[in-house]
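The residues making up each chain are set out below.
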Amino acid sequence: MNRRNLLKTLSITLGSSMITAKVIGQLADDKFVFDIGTAKKYEPIEKAITVVTIGGGNRGTVYGTYAANNPDEMKIIGVAEPDQYRNEKYATQHKIEPQNRFNTWEEVFERPKFADAVIISTPDNLHFAPCMKALEMGYDVLLEKPIAPTEKECRAILAMAKKTGRIVAVCHVLRYAPYFVKMRELITKGAIGEVVSVQHLEPIEHLHMAHSYVRGNWHNSKTTTPIILAKSCHDLDIVRWVIDKPSQRIVAMGNLKWFCSENAPKGSTARCTDGCAVEKECPYSAIRHYHDERKRLSYLDIPLKNISKEEQGKLILDKLKTSNYGRCVYKMDNDQPDHYVTSIQFADGVTASLSMEAFTSYAGRRTRVMGAMGDLVGDMDELVYTDFKTGKKTTFVPKAVDVEGYKNAGHGGGDMLMVKDFVQAVATQNPSLLSSDISVSIESHVMGFMAEKSRKSNKVVDIKL
């Protein structure tokens, strides 16, 4: 199938913009590269929208990158962040005036409304209150997932958005990843006929699991959110999005099997820096991961530039001696399951399975969509379409650019495309430009809460929207 026939046969569109020869190229026989970032057309913005970031950590920094790269579209004029290192770093990057630097989110709203929108990228348990206050005061909101830690709070934010008429974009960035956009296009255009079933794998990757959900900010579900929401509300959402039918029932199983005290090796200590007898051979050694290999250092809040390797190494070891990132993975107060499987029934008898697995050597989602006339198989690097009628296989390779620190992390280049849509929606006051408006994003959260209910009760649970 050549490029002309492919375009004619599938009539692929993105919004109102045709995928043309300019944005799809032939790499080899039946193999094509595509770039949706240049396919979607946007109206020019008369004036950059102004934004206050509440939470200047990793995700707040990622979304702030868009403003740094596109100052004519988005300008960050304020930040609220209690950690002074992060506050100073964020304010310096965006040239924020001293009067617009705040220690807490409450301080932002003590002032009359002074920006168009807020980015809420605080810890999970601090999403609800600032979001409700922002909407009440007339701000549009870019809200990091999960929406809130409870179903009641999620529904309250949705109700407030409807009441105030403000925009709430949920950071379900996979809806903007070219790989999943292409998958949905092919399904929508009937390439595989009627969808019958979906299999989706979310391989967390063993060191990512140890970093974020054993040692890190999301290690305890009681103080944050269950891992099915903290990590995989992305995946519940993307399965729902590509199937494009309401969810009806869900059943889930999983537990914390490995990262617990009974599996602690003999000779292990409370911290990797305490002279642990097995630290050198432990695959989860904090010394090896952070100090020797210098991975995920942005989470340690230490200088990454203009510092010698020796000085940086000392700061890393100091952090490992005082923070959770240096603690033994078998001796934390973590409770998040390290393997989790769910089965979901959608309208019209469509079924889906989602498996979230900690113990993999790789990251990046894997998806299989099975239709009556064809199937789709992909790993985010490429998507293979097979037509049952002809037996022909066509491979699509997404052209995607991940932001710094997220290469191979499974976001598929969706971060900046999502922020661009948010900017356009706020500038034009048109929430229909968003794929992840809260009115559609909330369903995946309800699915997650019901999955947890099922996992804990050992019952199939109805999903009531």
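Residues numbered from 1 in each chain as written. Predicted model: local features only at pLDDT ≥ 70, side-chain atom pairs only at ≥ 80, totals over all residues. Heavy atoms only, no water.

## Describing the overall build of the chain
Stage number 1. Scanning the chain for helices and strands turns up 14 helices and 19 strands.
Stage number 2. C-alpha atoms of the chain, sized along the principal axes, occupy 65 × 55 × 45 Å.
Stage number 3. The buried share of the chain, taken over its 465 residues, is 54%.
Stage number 4. In the chain, 71% of the contacts between residues at least 6 apart in sequence involve partners at least 24 apart.
Stage number 5. For the chain, the accessible surface area stands at approximately 20500 Å², while carbon and sulfur atoms represent 51% of it. (Helix = DSSP H or I, 4+ residues; strand = E, 2+ residues; numbered from the N terminus. Buried < 20%, exposed > 50% of the residue type's maximum accessible area, 1.4 Å probe, protein only. Contact = heavy atoms within 4.5 Å. Areas by Shrake-Rupley, 256 points an atom, 1.4 Å probe, with all protein chains shown as cover.)

## Some remarks on the sheet that holds strand β18 (residues 393-398)
Pairing between sheet strands relies on hydrogen bonds along the backbone, with the strands arranged either parallel or antiparallel.
Stage number 1. The strand order β3-β4-β18-β17-β16-β15-β11-β14-β13-β12-β19 describes an open sheet built from eleven strands, whose pairing is mixed. With partners counted over all chains shown, the strands left at the sheet margins are β3 (24-28) and β19 (461-462), one partner each.
Stage number 2. Note: strand β11 (residues 195-203) against strand β15 (residues 366-371), six bridges, orientation antiparallel. Looking across to β15, one finds that Val 198 is bridged to Val 369.
Stage number 3. Sitting on the sheet, helix α7 (residues 178-188) touches β4 (31-34), β11, β15, β16 (374-378), β17 (383-387) and β18, and the angle it makes with β15 is about 5°.
Stage number 4. With respect to the sheet, helix α14 (residues 438-457) is in contact with β12 (247-255), β13 (339-346) and β19, its orientation differing from that of β12 by roughly 50°. (Pairing = 2+ DSSP bridges. Axes fitted to C-alpha atoms, helices over the stretch in contact; angles between N-to-C directions.)

## A closer look at the sheet that holds strand β9 (residues 140-143)
Stage number 1. Pairing is parallel in the open sheet, where six strands are placed in the order β7-β6-β5-β8-β9-β10. The sheet is open, and its two borders are formed by β7 (101-102) and β10 (168-170), each paired with just one other strand.
Stage number 2. Pairing geometry for strand β6 (residues 74-80) and β7, over two bridges, is parallel. Considered in β7, the bridge of Ala 80 is made with Phe 102.
Stage number 3. Strands in contact with helix α2 (residues 58-69) are β5 (49-54), β6, β8 (117-120) and β9; relative to β6, the strand with the most contacts, it is inclined by about 150°.

## Some remarks on the pattern of salt bridges
Stage number 1. By the definition in use, this model includes 26 salt bridges.
Stage number 2. We note a salt bridge from Lys 133 to Glu 136, for which the minimum N-O separation is 3.4 Å. Of this pair, Lys 133 and Glu 136 both sit in helix α5 (residues 128-136), three residues apart, roughly one helical turn.
Stage number 3. Among the residues examined, Lys 133 registers a relative accessible area of 29% and is labelled partly exposed.
Stage number 4. Take Glu 136: its relative accessible area is 53%, and that puts it in the exposed class.
Stage number 5. Residue Glu 151 is joined to Arg 155 by a salt bridge in which the shortest nitrogen-to-oxygen separation is 3.0 Å. (Salt bridge = Lys/Arg side-chain N within 4 Å of Asp/Glu carboxyl O.)

## Description of the packing of α2 against helix α3 (residues 84-94)
Stage number 1. Running from N to C, α2 and α3 cross one another at 15°; their axes reach a closest spacing of 10 Å. On the basis of their axis angle, the class for α2 and α3 is roughly parallel. Relative to α3, α2 is oriented so that their crossing is right-handed. Across the interface between the two elements, Gly 60, Thr 61, Gly 64, Ala 67 and Ala 68 from α2 touch Tyr 90, Gln 93 and His 94 from α3.
Stage number 2. Its residues assigned to classes, the contact of α2 with α3 shows three nonpolar, five polar and no charged. (Parallel < 35°, antiparallel > 145°, perpendicular 65-115°, else oblique. Left-handed = near helix turned anticlockwise from the far one by under 90°. Nonpolar A, V, L, I, M, F, W, Y, C, P; charged D, E, K, R; others polar.)

## Things to note about empty space enclosed by the protein
Where empty space is left can be seen by rolling a probe of water-molecule size over the atoms.
Stage number 1. Throughout the structure, instances matching the rule amount to two cavities of 30 Å³ or more.
Stage number 2. Taken together, 15 residues make up the lining of the largest cavity; nearest its centre are Cys 272, Cys 276, Val 278, Cys 282 and Cys 328.
Stage number 3. Taken together, the residues of the lining of the largest cavity sort by class into nine nonpolar, three polar and three charged.
Stage number 4. Volume-wise, the second largest cavity comes out at about 30 Å³.
Stage number 5. Taken together, Leu 207, Ala 210, His 211, Arg 215, Tyr 284, Ser 285, His 289 and Tyr 290 form the lining of the second largest cavity.
Stage number 6. Only α8 (206-214) and α11 (286-292) provide two or more residues apiece to the lining of the second largest cavity.
Stage number 7. The biggest single contributor to the lining of the second largest cavity is α8, with three residues.
Stage number 8. A per-class count over the lining of the second largest cavity returns four nonpolar, three polar and one charged. (1 Å grid on protein atoms, 1.4 Å probe; cavity = no way out; pocket = protein on both sides within 12 Å on 5 of 7 lines; lining within 4 Å. Points joined across faces, edges and corners; volume = space filled by probe spheres on them.)

## Looking at the confidence of the model for the chain
Stage number 1. Averaged over every residue, the pLDDT of the chain is 91; residues scoring 70 or more account for 91%.
Stage number 2. This stretch, residues 8-21, has a pLDDT under 50; its non-local contacts, to residues over four places away or in other chains, come to 27 contacts. (pLDDT = per-residue confidence, 0-100.)

## Looking at unusual backbone geometry
Stage number 1. Looking along the chain, the bond that leaves Lys 145 and enters Pro 146 is cis, with omega of -10°.
Stage number 2. Tracing the sequence through the fold places Pro 146 in the loop between β9 and α6 (151-164).
Stage number 3. Even without glycine at this site, Asn 458 takes up a positive phi of about 60°.
Stage number 4. Relative to the assigned elements, Asn 458 resides in the loop between α14 and β19.

## A word on the environment of Arg 296
Stage number 1. Among the structural elements, Arg 296 can be located in the loop between α11 and α12 (309-322).
Stage number 2. Along the sequence, Arg 296 and Ile 204 sit 92 residues apart, while their C-alpha atoms lie 15 Å from each other.
Stage number 3. Contact partners of Arg 296, with chain neighbours within four places excluded, come to Glu 205, Leu 207, His 208, His 211, His 289 and Tyr 290.

## Side note on the packing of α5 against α6
Stage number 1. At a minimum axis separation of 9 Å, α5 and α6 run at an interaxial angle of 10°. On the basis of the axis angle, α5 is roughly parallel to α6. The residues of α6 that touch α5, namely those facing Phe 128, Cys 131, Met 132 and Leu 135, are Glu 153, Ala 156, Ile 157, Met 160, Ala 161 and Thr 164.
Stage number 2. Looking at the contact of α5 with α6 residue by residue, the classes come out as eight nonpolar, one polar and one charged.

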